[in-house]
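Take a look at the letters that make up each chain.
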Amino acid sequence: MSAVEQDGLDSFPRDRQPTVRILAMPAHTNPSGKIFGGWIMAQMDVAGGIVALEYAGGPVVTVAVTSMKFHRPVNVGDLVSCFARIQKVGSTSITVKVEVFAQRAHDGTLQSAKVTEAVIVYVAVNSDGAPRKLPEREPDFGQYW
Ligand SMILES: CC(C)(COP(=O)(O)OP(=O)(O)OC[C@H]1O[C@@H](n2cnc3c(N)ncnc32)[C@H](O)[C@@H]1OP(=O)(O)O)[C@@H](O)C(=O)NCCC(=O)NCCS
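Let me begin by describing the structure that accompanies this report. (Residues numbered from 1 in each chain as written. Predicted model: local features only at pLDDT ≥ 70, side-chain atom pairs only at ≥ 80, totals over all residues. Heavy atoms only, no water.)

1. Regarding the site of the ligand
Then step 1. Neighbouring residues of the ligand: 13 residues in total, closest Thr62, Gly90, Ser91, Thr92 and Ser93.
Then step 2. One of the backbone nitrogen or oxygen atoms of Thr62 is found 2.9 Å away from a nitrogen atom of the ligand.
Then step 3. The side chain of Ser93 places a nitrogen or oxygen atom 2.7 Å from an oxygen atom of the ligand.
Then step 4. Taking 970 Å² as the accessible area of the ligand by itself, protein coverage stands at 44%.
Then step 5. Where the shell around the ligand is concerned, the elements lending two or more residues are strand S2 (60-70) and strand S5 (109-124). (Near = heavy atom within 4 Å. Polar contact = N/O pair within 3.5 Å; in protein donor to acceptor, adjacent residues only side chain to side chain. Areas by Shrake-Rupley, 256 points an atom, 1.4 Å probe, with all protein chains shown as cover. Helix = DSSP H or I, 4+ residues; strand = E, 2+ residues; numbered from the N terminus.)

2. Digging into the nonpolar core
Then step 1. Met44, Val74, Cys82, Ile94, Val96 and Val98 are the most contacted members of the largest nonpolar core, which totals 28 residues.
Then step 2. Breaking this core down by element, the ones donating at least two residues are helix H1 (37-56), strand S3 (79-89), strand S4 (93-106) and S5.
Then step 3. Each residue touching Val98, except ones within four places of it in the same chain, is listed here: Met44, Ala47, Gly48, Cys82, Phe83, Ala84, Thr116, Glu117, Ala118 and Ile120. (Core = buried A, V, L, I, M, F, W, Y, C linked by side-chain atoms within 4.5 Å. Buried < 20%, exposed > 50% of the residue type's maximum accessible area, 1.4 Å probe, protein only. Contact = heavy atoms within 4.5 Å.)

3. Quick notes on H1
In an α-helix, one turn spans 3.6 residues; hence positions three or four apart end up facing the same way.
Then step 1. Between the first and last C-alpha of H1 there are 28 Å, a value that for 20 residues agrees with the 28 Å anticipated at 1.5 Å per step.
Then step 2. Among the residues of H1, those classed as buried are Trp39, Ile40, Gln43, Met44, Ala47, Gly48, Gly49, Val51, Ala52, Tyr55 and Ala56.
Then step 3. Taken together, the buried residues of H1 touch strand S1 (20-23), S2, S3, S4 and S5.
Then step 4. Residue Gly57 follows H1 closely and has a positive phi angle near 65°. (Expected span 1.5 Å × (residues − 1).)

4. What to know about the sheet that holds S4
Backbone hydrogen bonds hold the strands of a sheet together, and the pairing may be parallel or antiparallel.
Then step 1. Taken in spatial order, the 5 strands of this open sheet run S1-S3-S4-S5-S2, and their pairing is antiparallel. Edge positions in the sheet fall to S1 and S2, since each has one partner strand and no second. Going from strand to strand, the sheet's axes swing by 25° on average, the running direction of each strand aside.
Then step 2. By the bridge criterion, 10 bridges tie S3 to S4 in an arrangement that is antiparallel. Pairing of Ala84 across the sheet is with Val98, part of S4.
Then step 3. On top of the sheet, H1 reaches S1, S2, S3, S4 and S5; it is set at about 55° to S5, its chief contact. (Pairing = 2+ DSSP bridges. Axes fitted to C-alpha atoms, helices over the stretch in contact; angles between N-to-C directions.)

Rendered as structure tokens:
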């Protein structure tokens, strides 16, 4: 841990690559001045969709969010990182766990906390939008397992 960056409530997962990283802007606030949960969910859906698309090698659609928990609020100015990892692959569906960490500047350091997590299911589709069989992949495909 460097002098200018230290972990806060939860250790930032430095051994993993975030799929989406974005700064929380004032335009995304709710009436309480915190970041709107729907905006965070959209970033999570993008992150999960990226790893599902890479696995599927083609388009995917979101079919279900089987769990979602907001642990802590996100503030304007927080650096939001979505870590997406494939949990399960079916015949046409890919289940992805997405964990979101916020990093917040405080007295010259960055403190981190896990703010949200969800499990999202994607389905690979063909050009008609119907479910498409997933290709065979090795269990260690990509960096996402
Ligand atoms: C996704 C869609 C193509 C699935 O079509 P469908 O005829 O319902 O397909 P199936 O019932 O065969 O289900 C397909 C897969 O999804 C899984 N699935 C379907 N509903 C699910 C749910 N509620 N939770 C978890 N998995 C689900 C099935 O288990 C199946 O997985 P498998 O093939 O790996 O066993 C169709 O429901 C659809 O187009 N939905 C709208 C998608 C959309 O617009 N999303 C928002 C924008 S991306």
